Amino acid sequence: MKRDLFIHLGAIALLFLLEILGIFSDYHQGNFARILVLTVYGIGYNVLFGYTGLLSLGHALFFSAGLYAAGLSIYHLDYNVGQALILAFCFSVLVSLVIGYLALRTVGVSFMIVTLMFSQIAYLCILYFGGITRGDEGIVIQQSSRVFLSLDLSDPTIRYYSALTVFSFCLVFNLWIARSSFGRVLIAIRENSDRALMLGYNVQLYKLLAVIISGTISGIAGASYGILFGYVGASFAAVPYSIFPLLWVLLGGAGTVLGPLIGAIFMFYLIDYASDVTDAYMIIVGIALLLVTLFARRGLLGELRYRFFPWIP
Amino acid sequence: MDLGPYLLFASLEGLVHAAVLSLIALGLSLVFGVMRIVNVAHGEFFMLGAILAWWISGFVFGSPAIGFLLALIIAPLIAGVIAMSSDWLILKHLKYDPEATIIATIGILYIIQQAVLMTFGPDARPVEQPFNYRLDLYWFGFSAYKFFVVFSAIILLFSVWLVMAKTKFGLILRATQLDSETAQAFGIPISTVYSLVFGVGAAIAAVAAVLIVPIQQAHYLMGGEPLLLAFIVVIIGGLGSLRGTVAAAVLIGMSDGIISVFFSPNLAKIIATLFVVIVLLIKPNGLFGSEKT
């Protein structure tokens, strides 16, 4: 199958072209840099929810694990960007291993409750250790610390390309998972975990690996966000940041590689416009969640796959 | 104050926490027990009860006790009706699929929370205590109203148990809980029962809120914390087990109250979570949970 590779590389090329041809205004360039990093977060979420069928309500924990590991090491320990990224990667693997091991001792709705609970506690920990994390106020990472291979990451164009690079790697990795035999086992677990178990797969181990991959990608997204936009704050660990990736994935189509991108673009601009109109812009999120569960359970790409293109990975 | 009286004071505060938490967690557990769904919007029905109590007390002149009694009747009623209609409009159409309902109740959570923000604004609203009397406990004075809260919670818990164990309605609930299909075959209108249970669960949370709001103040974001604690409680006690829920609520509520007095509320929740971790490692289905989920 070459056509799925063609479409996904095409999407990446399109995002490059938009920048090279200078189609973005400054405003949209900044927005899209954010959207691309957030999409990486959505891709991470999708590995667990879309492909493995495990609904987590606490992914903000993994996002903020990467965010804080990178941010605090730069702020307090004077790490450079490379070192901070490596630390954030290792910390995300560790956190998702521990949380995955604990949460996977439960199944079904208990898993959802336990993930939400752990994530809320991580948020409270960030507030409790306010001396280090500066709690709600957060940390601003100085421009002089945000240099990687002598590139100034705070420059809007370099920032966009950096975000696009991280996004491209994660998208291709996601595509590779979806096409690999490993990904097929995850989908088998989603469809019928008892049958997968009976076929001889170590379901529990595969689920744990899915949590680790999902959590680590989310952590990378968090670390990139902190470094590229220079701000690390407790609000990224709060409940809404666990709900956003769920909503992006649902809107774009759970278990589709490009779904999180479509969902993230849509929701980002919708919330952007809504927050100009009212302070209560989160009501949009509530309404969107209801509409998508009531009327569009497959999401956009999921519906297209169901009706026309069964080969969409 | 010496350590002894200070500990007594902290335990009394803990008792108030435990009483309110038992009610909130009971509502959550009742809904899960009968309907097998988790209501993430549960904390918002609690918040709704508190805001309505403040709103109602604004109309009543004279003694604050009249406003309080009115709120105790009207607020749970409104919260219950909103819950029942969201069950009828939304959850029923999702056929109570666990995953879809959890996502839908997150949607309901934000709609209720943001609607309250739009209607009543972002300020914290104080409510006057229905009666103002301090019991002199030799070392310190303690509000008699707080004892009243504990007492009311115990009465309510006892009546829920009475209804579940002794009445025909309780029998219907238990039959639905055990096997909804067989119950339906015996002529029990399952969808009505589900709507009622969802409404009653929300109403219990609203009652808890009306009781606590004279001590705590009403605010549109106040639903998050009790939801977190209720989740901790049902995981420790075992989802759907009413006995386990109340036992765990007393344990977590007491420790939450005591640690909050001595150290900080956030530390109390962090320690409670460590306890959850231990329970998950030893008995993943909760201390009182059955083997099947």
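Keep in mind that what you see is a predicted model, and the values were worked out from it rather than measured.

Right, let's get into the overall build of chain A. Each helix and strand counted, chain A has 14 helices and 4 strands in total. In terms of overall dimensions, chain A is globule-like: its C-alpha atoms have a radius of gyration of 19 Å, near the 20 Å expected for 313 residues. Structurally, chain A occupies a C-alpha span of about 55 × 45 × 40 Å along its principal axes. A buried classification covers 58% of the 313 residues belonging to chain A.

This paragraph deals with the packing of aromatic side chains. Residues and elements named next belong to chain A. According to the stated counting rule, one finds 34 aromatic pairs over all chains in the structure shown. Seen from their ring centres, Phe268 and Tyr269 are 5.9 Å apart, and the 70° between their planes marks the pair as edge-to-face. Taken individually, Phe268 and Tyr269 each receive the classification buried, so the pair is uniform in this respect. With centroids separated by 6.1 Å and ring planes inclined at 55°, the aromatic side chains of Phe308 and Phe309 adopt a geometry described as tilted. With relative accessibility at 54%, the residue Phe308 sits in the exposed group.

Position of B:Thr192 among the secondary structure elements: in helix H8 (residues 190-216). The spatial distance from the C-alpha of B:Thr192 to the C-alpha of B:Trp88 is 9.1 Å, given a sequence separation of 104 residues.

Over its 20 residues, helix H5 (residues 109-128) of chain A runs 28 Å from end to end, which matches the ideal 28 Å to within 8%, given 1.5 Å per residue. A large share of H5(A) lies buried, amounting to 17 of its 20 residues.

Contacts between the two partners involve 42 residues from chain A and, on the opposite side, 39 residues from chain B. For the pairing of chain A and chain B, the buried interface totals around 3,600 Å² over both sides, and the portion due to carbon and sulfur atoms is 83%. Taken together, chain A and chain B are joined by 1 salt bridge. Taking the shortest distance from any N to any O, the salt bridge between B:Asp97 and A:Arg297 comes out at 3.4 Å. Remark: the boundary between chain A and chain B carries 1 residue pair in polar contact (both at pLDDT 80 or more). Within the residue set of the side of chain A that touches chain B, elements represented by two or more residues are helix H4 (81-103), H5, helix H11 (240-252) and helix H13 (282-295) of chain A. For the side of chain A that touches chain B, the element with the highest residue contribution is H5(A), accounting for 14 residues.

Residues and elements named next belong to chain A. One pass over the full model with this rule turns up 9 salt bridges over all chains. Between Glu137 and Arg134 there is a salt bridge, with the nearest N and O atoms lying 2.6 Å from each other. Residue Arg134 is classed as partly exposed on the basis of its relative accessible area of 35%. Residue Arg307 is joined to Glu303 by a salt bridge in which the shortest nitrogen-to-oxygen separation is 2.9 Å. With Arg307 and Glu303 both in helix H14 (residues 299-307) and 4 residues apart, this pair spans about one turn of that helix. Arg307 gets classed as exposed once you look at its relative accessible area, which sits at 58%.

Rules and cut-offs
- Residues numbered from 1 in each chain as written.
- Chains lettered and ligands numbered in written order.
- Predicted model: local features only at pLDDT ≥ 70, side-chain atom pairs only at ≥ 80, totals over all residues.
- Heavy atoms only, no water.
- Helix = DSSP H or I, 4+ residues; strand = E, 2+ residues; numbered from the N terminus.
- Rg over C-alpha atoms; globule rule 2.2 N^0.38 Å.
- Buried < 20%, exposed > 50% of the residue type's maximum accessible area, 1.4 Å probe, protein only.
- Phe/Tyr/Trp six-rings, centres within 6.5 Å; stacked < 30°, edge-to-face > 60°.
- Expected span 1.5 Å × (residues − 1).
- Contact = heavy atoms within 4.5 Å.
- Buried area = accessible area lost by both parts, 1.4 Å probe.
- Salt bridge = Lys/Arg side-chain N within 4 Å of Asp/Glu carboxyl O.
- Polar contact = N/O pair within 3.5 Å; in protein donor to acceptor, adjacent residues only side chain to side chain.

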